[in-house]
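# Geometric and topological summary
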Amino acid sequence: MSWDESWMEQSERPFGRKVGEMAMRHSLAAAMVVTGIVWASGVLANEHSEQLRRWSSRLPDLPRLSDGGEVRLRSLPQAPGRSPVDFRVDFSAKTTAVPPGLLVGLNDYNNAWPGTWDAYRKYLRPDRGLVRLWVMFDIAPFGRQHIAAGLEARKAGMRVMLCGVGLPRNYPRKADSRPDRESKEPRNPREWARQFARHARAMIDAGVPLTHVEIWNEPAMPGRWYVDPQPFAKFYAEAGRELRRELPRGIRIGGPGETHIGRRTLERFRLEFEACRRVGFRPDLLSWHDYVGYPTDQEAFEFSDRVRRLAGRYGFGDAELILSEWNYTLPPDRFLDSCANGAYFVAVTTALTRTHLTHSQFLMLQDGKWEAREDFRGESAGIFTLNGAPKPVFQAMQMMRTAADLPALPVERRAAPWNLTLFASRREDRGWLLAANAFGKIQDRTRKFLDYSNVDMSVLKNRKGQVRRYLSGRLPIERLGVRSKDRAAWEQARRDFAIHKRELKAAERPVRIQLKDAPSHVRGVWVLDARHGDPMADADFRRTFAELKSSLGHRSRRAAADRLTRSIPMRLAAHRAARPSPVSPAEYLQICDGTLILKTTPYSAILVELVWSPVGD
């Protein structure tokens, strides 16, 4: 089955496989088959990897510059002709600060090396970010490693969210013999909450800055509470009420890390809100995940607005909204270790700055040994590899963090399709533009769009072949047999499908930005793409990494191992190949009649530093 066919086979695809779930990999796979959930990311990744190689071979060998190298805008090459403007930025408009929690939040499974934390702290400056730690009762119970990770977060200036899921080890078990104990709801929400609260208090007593508590994780996923949302809503509300009694005042309590966005998730939230109102529990935070679709979906579908409006009807409209888990996809996928994931990070984070979310928690800090055997093979979802090397997404995070150091400007989307994003910021005579050209899986994005358009979704099950042909332009809508009131949405879905294919095939994609109160100079340009940003493409980085990895493999004493796990990530993160790549502005910028044009390629990001003062000032 090809990638553009496979999306029709999905019902509600479960995403969010984590450390504990690795032990359940085969049983979860069986559950996915039983529920008819099919996905084709491997096929898609292979196709996209081949395209990346083709794009790389077409790009010129660009020179690298040291920081600086100011260029007057009027001296840049003039762009021929006129084309539609993708974005408009008014640099004289009112600015707003970006919540730091959107830029530097993490999931950590207590597996990250101390040196990985050190490197993240130094180069991302994650103060006021939020780290999500897990207590997975049956698989990864609470222990000293949770406290150690929480203290590393404290050194980084971050706060901690503790997520609890599963049945405690000594919790009363049901009489049946099902092996998937986590799919069983706790029989006594109060006792579950009391045991979870004991772990939370232990972290607080140890000095961990615990500020948020999340009840459960992805209840709509098989093995997590999949069958009936009503019992879960009751458990969620009663456990929340008990945690409120058990934990210190000021700790935010809520959740439940819903699986992904859509109408069904809104319905689950509604049931949870009703249960909360019945028992008198007021959630302080509402959280969900998103692993499917496009990086801009949180903005395009205005999901945070929908959640906030729904919560407001029940009196919970002031709850904090958190995207508590996400990545480009889940392993295995080579894009996780390529520039694609970096561009995706920039696009997602840019989109999140236009929502009501206050925290975004990326999965995860370092690759896990439970699934990864080698470095840079797409075997895990970390920012750092199994042996402490930074991936291209580390550079993307630095680019986003740099641009968002200054307050953000409103960006008006004009003709830009949803694979393009633009972030703009300014303070006095200095500013930034950060653009990304990133794609997700169009099959998931199309499903989301149709779902949000309130179409009859049974068409996806009953007429899969016709739907595939229709979206590919090989079947007229009259033969699709959809309701007349759904036709406009289906026609838009086909247009979006065609735009995706066209944009993905473009070797170069100019992004046209109309500027008001335009800057006078470009001080520097940094790029992440198929030719810039892969640290393993640098010979000196490869040699350094091989030497450090070899020394780690031959360590003889624990003390030596501890020193290496602290020093290796810091040495590698400081390498020039792990930092954003400066390029010649003239190669990537053009100016025409007040429009700045940035050259992008699929799965790329470009950062531009702007100044409004004369050169040399």
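Above this text sits the structure in question.
Here's what I pulled together on the structure shown here.

Relative to the helices and strands, histidine 575 is located in the loop between helix 20 (558-573) and strand 16 (581-583). Looking at histidine 575, its side chain comes within polar contact range of the side chain of aspartate 540, at 2.7 Å. With near-sequence residues (within four places) excluded, histidine 575 lies in contact with Asp538, Asp540, Phe541 and Thr544.

A few words now on the packing of helix 6 (residues 114-124) against helix 7 (residues 144-155). Contact geometry for helix 6 and helix 7: axes closest at 10 Å, N-to-C directions at 25 degrees. Compared by their axis directions, helix 6 and helix 7 come out roughly parallel. Of the two elements, helix 6 crosses helix 7, and the hand of that crossing is right-handed. Counting all contacts with helix 6, which are made through Pro114, Trp117 and Arg121, the residues of helix 7 involved are Ala149, Glu152, Ala153 and Lys155. Within the contact of helix 6 with helix 7, the residues separate by chemical class into four nonpolar, no polar and three charged.

A separate point is the environment of glutamate 371. Position of glutamate 371 relative to the elements: it lies in the loop between strand 10 (359-363) and helix 14 (392-403). For glutamate 371, a relative accessible area of 12% corresponds to the buried category. Looking at glutamate 371, its side chain comes within polar contact range of the side chain of serine 380, at 2.6 Å.

In terms of nonpolar packing, the biggest core is built from 133 residues, with Ile383 and Trp490 touching the most fellow members. Among all residues touching tryptophan 490, those that are not within four sequence positions of it are Leu450, Val455, Val459, Leu460, Val467, Tyr470, Ile477, Leu480 and Val482. Val411, Val511, Tyr588 and Val608 belong to the second-largest nonpolar core, a separate cluster that totals 27 residues.

Under the criterion given, the structure shown has 42 salt bridges. Here arginine 354 and glutamate 299 are joined by a salt bridge, their closest N and O atoms 4.0 Å apart. Within this pair, whereas arginine 354 is found in the loop between helix 13 (339-352) and strand 10, its partner glutamate 299 is found in helix 11 (residues 297-300), the two being separated by 55 residues in sequence. Of the charged contacts, one joins arginine 509 and glutamate 503 as a salt bridge, the two residues approaching to 3.1 Å between their closest N and O atoms. Exposure remark for arginine 509: the relative accessible area of 12% places this residue in the buried category. Glutamate 503 gets classed as buried once you look at its relative accessible area, which sits at 5%. Here the salt bridges do not stand alone but share partners, grouping Asp118, Arg121, Glu152, Lys155 and Arg566 into one network.

This paragraph deals with the sheet that holds strand 11 (residues 411-413). Hydrogen bonds between backbone atoms are what pair the strands of a sheet, whose relative direction is either parallel or antiparallel. In space, the five strands of this open sheet follow the order 11-2-14-18-17, with mixed pairing throughout. The sheet is open, and its two edges are formed by strand 11 and strand 17 (589-592), each paired on a single side. On average, each strand axis in the sheet is tilted by 25 degrees relative to the strand beside it, whichever way the strands run. Inspection of the sheet shows strand 14 (residues 509-516) paired to strand 18 (residues 595-600) by six bridges, in the antiparallel sense. Bridging across to strand 18, valine 511 finds its partner in leucine 598.

Another aspect to go through is the sheet that holds strand 3 (residues 105-107). The strand order around the closed barrel built from eight strands is 3-4-5-6-7-8-9-10, with neighbouring strands paired in parallel fashion. For this sheet, the mean inter-axis angle between neighbouring strands, taken without regard to orientation, is 25 degrees. As judged from the six bridges shared by strand 8 (residues 285-290) and strand 9 (residues 320-326), these two strands associate in the parallel manner. When the sheet's bridge partners are listed, tryptophan 288 is paired in strand 9 with leucine 323. Helix-sheet contacts for helix 12 (residues 303-313) involve strand 8 and strand 9, and the interaxial angle to strand 8 is about 150 degrees.

A few words now on the side chain of serine 425. By secondary structure assignment, the location of serine 425 is in strand 12 (residues 420-427). Judged by relative accessible area, which is 0%, serine 425 ranks as buried. Excluding residues within four positions of it along the chain, serine 425 makes contact with Phe91, Ala403, Leu406, Pro407, Ala408, Leu409, Gly431 and Trp432.

Our focus in this paragraph is the packing of aromatic side chains. For any pair of aromatic rings, geometry is given as the distance between the ring centres together with the angle between the planes. Counted by the stated rule, this structure contains 32 aromatic pairs. Centroid distance phenylalanine 269 to phenylalanine 273: 5.7 Å. Interplanar angle 20 degrees. Geometry classified as stacked. Separated by four residues within a single helix, phenylalanine 269 and phenylalanine 273 lie in helix 10 (residues 263-279), roughly one turn from each other. Side by side, phenylalanine 269 and phenylalanine 273 carry an identical accessibility label, which is buried. In this structure phenylalanine 273 comes out as buried when scored by relative accessible area, which is 1%.

This brings us to unusual backbone geometry. The amide bond that connects glycine 255 to the next residue, proline 256, takes the cis arrangement and shows omega of 5 degrees. For proline 256, the position within the fold is in strand 7 (residues 252-258). Omega for the bond connecting proline 331 with proline 332 falls within 30 degrees of zero, at 0 degrees, which places this linkage in the cis form. At arginine 125, a residue that is not glycine, the phi angle is positive and equals roughly 45 degrees.

All right, on to helix 15 (residues 442-452) then. Helix 15 sits mainly inside the fold: 11 of its 11 residues count as buried. Among the residues making up helix 15, those that are buried are Ile442, Gln443, Asp444, Arg445, Thr446, Arg447, Lys448, Phe449, Leu450, Asp451 and Tyr452. Two residues or fewer after helix 15 comes asparagine 454, characterised by a positive phi angle close to 60 degrees.

Residues Arg469, Arg474, Arg479, Lys501 and Lys505 make up a contiguous surface patch of positive charge. Relative to the helices and strands, arginine 479 is located in the loop between helix 17 (464-471) and helix 18 (487-505). Classification of arginine 479 by relative accessible area gives exposed; the value is 61%.

Our next topic: the packing of helix 10 against helix 12. Packed helix pairs are characterised by how far apart their axes lie and by the angle those axes make with each other. Across the interface, helix 10 lies against helix 12 with an axial gap of 10 Å and an inter-helix angle of 25 degrees. By the angle class used here, helix 10 and helix 12 are roughly parallel. When the axes of helix 10 and helix 12 are compared, the crossing they make is right-handed. Residues Thr265, Leu266, Phe269, Arg270, Phe273 and Arg277 of helix 10 form the contact with helix 12, whose participating residues are Phe303, Arg306, Val307, Leu310, Ala311 and Arg313.

Calculation rules
In this numbering scheme, every chain counts its residues from 1 along its sequence in written order. With pLDDT at 70 or above as the cut-off, local features in this predicted model cover only qualifying residues; side-chain atom pairs require 80 or more to be listed or tallied, and sums for whole chains, interfaces and linings still use all residues. Heavy atoms from the whole structure form the basis of all side-chain values; hydrogens and water molecules are not counted. Under the scheme used here, helices are H or I runs from DSSP no shorter than 4 residues and strands are E runs no shorter than 2 residues, and both carry numbers assigned from the N terminus. Whenever a nitrogen or oxygen atom comes within 3.5 Å of another N or O atom, the pair is scored as a polar contact, on the condition that within protein one atom can donate a hydrogen and the other can accept it, and that pairs from neighbouring residues in sequence are kept only if both atoms are in side chains. Here, two residues are considered to be in contact whenever any of their heavy atoms come within 4.5 Å of each other. Convention adopted: a line fitted to C-alpha atoms gives each axis, helices being fitted over their contacting stretch, and angles between N-to-C directions are expressed from 0 to 180 degrees. Roughly parallel covers angles under 35 degrees, roughly antiparallel covers those over 145, roughly perpendicular covers 65 to 115, and oblique covers all other angles. Crossings are assigned a handedness: left-handed for a near helix turned anticlockwise from the far helix by less than a right angle, right-handed for a clockwise turn. As a working rule, the residues Ala, Val, Leu, Ile, Met, Phe, Trp, Tyr, Cys and Pro are called nonpolar, Asp, Glu, Lys and Arg charged, and the rest polar, with Gly in that last group. Per-residue accessibility, obtained with a 1.4 Å probe over protein chains only, is compared with the maximum for each type, and a residue is labelled buried under 20%, exposed over 50%, and partly exposed between these values. As used in this record, nonpolar core signifies buried Ala, Val, Leu, Ile, Met, Phe, Trp, Tyr and Cys residues forming a set joined through side-chain atoms within 4.5 Å. Only one rule defines a salt bridge in this text: a Lys or Arg side-chain nitrogen within 4 Å of an Asp or Glu carboxyl oxygen. Pairing between two strands is assigned when DSSP locates at least 2 bridges connecting them. Side-chain rings of Phe, Tyr and Trp (the six-membered ring for Trp) are treated as a pair once their centres are within 6.5 Å; stacked means planes under 30 degrees apart, edge-to-face means over 60, and tilted covers the remaining angles. Patches here: salt-bridge-free residues with over 30% relative accessible area, like charges joined within 9 Å, nonpolar side chains (Val, Leu, Ile, Met, Phe, Trp, Tyr) joined within 5 Å. Each accessible area value is a Shrake-Rupley result obtained with a 1.4 Å probe; residue values ignore everything except the protein chains displayed when judging cover. Asp and Glu are treated as the negative residues and Lys and Arg as the positive ones, with His and the ends of the chain left uncounted. Charge positions come from single atoms, namely NZ of Lys, CZ of Arg, CG of Asp or CD of Glu.

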